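Each chain, letter by letter, is given below.
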Amino acid sequence: MSDFIPQPSCADPEDKNRLNIAAARQRIADLITPLAGWQRCPIRDALDRVLAEDIISPLNVPAHNNSAMDGYAIQSSDITAEPFSLKQVGIAFAGQPFQGEVDSGECIRIMTGAVVPKQCDTIIMQEQVEVNDDNITIHSQPPKGEHVRYIGEDLKQGEIVLSSGRRIVPSDLGLIASLGIAEVNVSRRLRVAFFSTGDELKSIGESLQAGQIYDSNRYTLFGMLKRLDVDVLDMGVIPDQKAPLRQALLDASQQADVIITSGGVSVGDADYVKEMLAELGQVDFWKIAMRPGRPLAFGQIDNALFFGLPGNPVSVMVTFYQFVTPALRQLMGEAQPEATTIQVTCTDTIRKRPGRFEYQRGILYIDQNGQTKVKTTGGQGSGILSSMSNANCFILLDEQCDGLPANSQVNVQPFSGLI
Ligand code: AMP
Ligand code: MG
């Protein structure tokens, strides 16, 4: 009789000790307090940073009623018949207001952005008038207020224009500039150290021996971290040995706010990683009911947060987007926007077993009838990194889903919504 006892594996459909994604995210969120510390910087340098103050408008934008068109500024109550003629008594350019009065029966020529004289309430487009020397003829009554941009219609004095916790996008730079504000407070940059673990890994420039592979995770991690505008500290490849691993973790914990590793957290090699982490800090190993990316280690080493991501290249990206991104955003004091999801028809058959939430890689496309649809990238193995490059979205499949026939409705998360 054999005394073989199978170990838990990712082939098991059910696992009682597993965490679902929301619970894992919540456990992480519960342990995070946003970093104290901010810096004042010129607004151009604030792009992609997180605001650490409310921006309150010191003025009305626009500061005065102005014209949205090149045309003529009139008093609409003057127009009592169709056609109707008015006398042009002056001209206003953007930045050069008309200085006189506009009496009844009169109008001025006005350019886009020019101040609308206080007696006028409506702009008529130049294309809609007939001009004879100093007289213009209007053939139909324009609606009152047409083509006038009103004082404060964009921003009102005293209004909160952008709230603390917002990640600054290009339009925000323009908005802040439109208020005449030169500098803003942003949260300090996070410092994130990362390294790969694995005896089989080589860095670019080294030659590969049999069974060895190039380390790709440090590059995808670099890219994803850069998009979050953090300072990165790439610590290279660390072999599967206790002493170098201990030293790398210690160095990282002294230099960084967050440490991210990839590999070495699955059953095969977790034991000594576990031992190192138990010695240096408080780290939990979780099995998450998701695919790809089941194993995840999370905790603290000294003052640094620690994320031990799985080694498979796609798993690294999925676990980074689902767990690390929200955690880093929270640390930076960023308000947490929901990732965008949309429901579309999937034109491929989807293969899936119930038990775990899946992030399959998909391609959103527009079919010949102009409908947005999704298809899969094909092979969904957690080592197939080209599936991420070929994809432009994740197809989200909940735990219970037992596969889907072609032309089912699915929820997708476009990559553009992941930042
Ligand atoms: P592990 O989680 O360490 O057992 O690794 C799982 C799989 O991912 C193995 O096939 C590893 O060779 C591969 N892998 C681990 N780390 C990396 C890396 N940094 N770059 C590319 N593949 C990796
Ligand atoms: Mg490994």
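Residues numbered from 1 in each chain as written. Chains lettered and ligands numbered in written order. Predicted model: local features only at pLDDT ≥ 70, side-chain atom pairs only at ≥ 80, totals over all residues. Heavy atoms only, no water.

### Topic: the pairing of strand β23 (residues 357–366)
Thinking step 1. Bridge count between strand β19 (residues 290–291) and β23: 2 bridges; the pairing is parallel. In the sheet register, Arg291 faces β23, and the bridge partner there is Glu358.
Thinking step 2. Bridge analysis of β23 against strand β25 (residues 393–397) gives 5 bridges, and the strand direction is antiparallel. When the sheet's bridge partners are listed, Arg361 is paired in β25 with Phe394.
Thinking step 3. As judged from the 5 bridges shared by β23 and strand β24 (residues 372–376), these two strands associate in the antiparallel manner. Looking at the pairing, Gly362 lines up with Thr376 of β24.
Thinking step 4. What sits between β23 and β24 in their antiparallel hairpin is a turn of 5 residues, with Gly370 showing a positive phi close to 85°. (Pairing = 2+ DSSP bridges. Helix = DSSP H or I, 4+ residues; strand = E, 2+ residues; numbered from the N terminus.)

### Structural notes on the side chain of Arg218
Thinking step 1. Summarising the element assignment, Arg218 is placed in helix α3 (residues 217–227).
Thinking step 2. Separated by 2.8 Å, the side chains of Arg218 and Asp215 make a polar contact.
Thinking step 3. A distance of 2.8 Å separates the side chain of Arg218 from the side chain of Asp234, its partner in a polar contact.
Thinking step 4. With residues up to four places along the chain from it excluded, the contact list for Arg218 reads Phe194, Ser196, Ser203, Asp234, Gly236 and Val237. (Polar contact = N/O pair within 3.5 Å; in protein donor to acceptor, adjacent residues only side chain to side chain. Contact = heavy atoms within 4.5 Å.)

### Description of the packing of α3 against helix α6 (residues 313–331)
Thinking step 1. Where α3 meets α6, the closest approach of the two axes is 11 Å, and the angle between their N-to-C directions is 30°. Between α3 and α6, the crossing angle belongs to the class labelled roughly parallel. Here the hand of the crossing between α3 and α6 comes out right-handed. Where α3 abuts α6, its residues Asn217, Thr220, Leu221, Met224 and Leu225 lie against Pro313, Val316, Met317, Phe320, Tyr321 and Leu328.
Thinking step 2. Looking at side-chain class alone, the contact of α3 with α6 contains 9 nonpolar, 2 polar and no charged residues. (Axes fitted to C-alpha atoms, helices over the stretch in contact; angles between N-to-C directions. Parallel < 35°, antiparallel > 145°, perpendicular 65-115°, else oblique. Left-handed = near helix turned anticlockwise from the far one by under 90°. Nonpolar A, V, L, I, M, F, W, Y, C, P; charged D, E, K, R; others polar.)

### Notes on the packing of aromatic side chains
Within a pair of aromatic rings, the relevant descriptors are the distance that separates the centres and the angle that separates the planes.
Thinking step 1. Counted according to the given criterion, the structure contains 7 aromatic pairs.
Thinking step 2. Taken together, a centroid distance of 5.0 Å and an interplanar angle of 45° make the contact between Phe357 and Tyr359 tilted.
Thinking step 3. Among the aromatic residues, those joined into a ring-pair cluster are Phe320, Tyr321, Phe357, Tyr359, Phe394 and Phe415.
Thinking step 4. Taking NZ or CZ as reference, Lys375 lies 4.9 Å from the ring centre of Tyr365, over its face. (Phe/Tyr/Trp six-rings, centres within 6.5 Å; stacked < 30°, edge-to-face > 60°. Lys NZ or Arg CZ within 6 Å of the ring centre and 35° of its normal.)

### Some points on unusual backbone geometry
Thinking step 1. Between Val61 and Pro62 the backbone carries a cis peptide bond, its omega angle lying at -5°.
Thinking step 2. Glu82 connects to Pro83 through a cis peptide bond whose omega is -5°.
Thinking step 3. With respect to the helices, strands and loops of the structure, Pro83 is situated in the loop between β4 (71–74) and β5 (84–92).
Thinking step 4. Although it is not a glycine, Asp48 sits at a positive phi angle of roughly 75°.
Thinking step 5. Tracing the chain through its elements places Asp48 in the loop between β1 (38–42) and β2 (55–56).
Thinking step 6. Residue classification places Asp48 among the partly exposed positions, given a relative accessible area of 36%.
Thinking step 7. For His147, which is not glycine, the phi dihedral falls at a positive 60°.
Thinking step 8. Within the element layout of this structure, His147 appears in the loop between β9 (135–138) and β10 (148–149). (Buried < 20%, exposed > 50% of the residue type's maximum accessible area, 1.4 Å probe, protein only.)

### Re the pattern of salt bridges
Thinking step 1. All chains considered together, the criterion is met by 16 salt bridges.
Thinking step 2. Here Asp229 makes a salt bridge to Arg49, at a shortest N to O gap of 3.7 Å. Of this pair, Asp229 sits in the loop between α3 and β16 (231–238) while Arg49 sits in the loop between β1 and β2; the two residues are 180 residues apart in sequence, bridging distant segments of the chain.
Thinking step 3. On the basis of relative accessible area, Asp229 is assigned to the buried category, the value being 16%.
Thinking step 4. For Arg49, a relative accessible area of 6% gives the class buried.
Thinking step 5. Note that Arg291 is salt-bridged to Glu358, the shortest N-O span being 3.5 Å. One end of the pair, Arg291, is in strand β19; the other, Glu358, is in strand β23, with 67 residues separating them in the sequence.
Thinking step 6. By relative accessible area, which is 39% here, Arg291 ends up partly exposed.
Thinking step 7. What emerges from the salt-bridge pattern is a single network uniting Arg40, Glu53 and Glu183. (Salt bridge = Lys/Arg side-chain N within 4 Å of Asp/Glu carboxyl O.)

### Here's the deal with the environment of Val184
Thinking step 1. Within the secondary structure, Val184 sits in strand β12 (residues 183–187).
Thinking step 2. Once residues within four sequence positions are removed from consideration, Val184 is found in contact with Gln39, Arg40, Cys41, Ile43, Ala46, Leu51, Glu53, Ile55 and Ile176.

### Here's the deal with the sheet that holds strand β17 (residues 258–262)
Thinking step 1. In space, the 6 strands of this open sheet follow the order β16-β13-β17-β21-β20-β18, with mixed pairing throughout. Each of the sheet's edge strands pairs with one partner strand only, and the pair in question is β16 and β18 (281–287). Sheet twist, expressed as the average angle between the axes of neighbouring strands with direction ignored, equals 15°.
Thinking step 2. Where strand β13 (residues 191–197) and β16 come together, 6 bridges link them in parallel fashion. Each residue of the ladder has a partner; that of Ser196, found in β16, is Val237.
Thinking step 3. Here helix α4 (residues 242–255) sits on the sheet in contact with β13, β16, β17, β20 (295–301) and β21 (304–309), set at roughly 175° to β16.

### Remarks on the nonpolar core
Thinking step 1. By size, the foremost hydrophobic cluster in this structure holds 43 residues, and its most contacted members are Ile260, Phe307, Leu309, Phe320, Leu328 and Phe394.
Thinking step 2. Listed by contribution, the elements that provide at least two residues to this core are α1 (21–30), β13, α3, β17, β20, β21, α6 and β25.
Thinking step 3. With 11 residues, α6 is the largest single contributor of residues to this core.
Thinking step 4. Mapping this core onto the domain boundaries places at least three of its residues in each of domain 1 (21–37 + 188–331) and domain 4 (342–417).
Thinking step 5. Excluding anything up to four places from it in sequence, Leu328 contacts Leu190, Leu225, Leu228, Val258 and Phe320. (Core = buried A, V, L, I, M, F, W, Y, C linked by side-chain atoms within 4.5 Å. Domains from an automatic or database assignment.)

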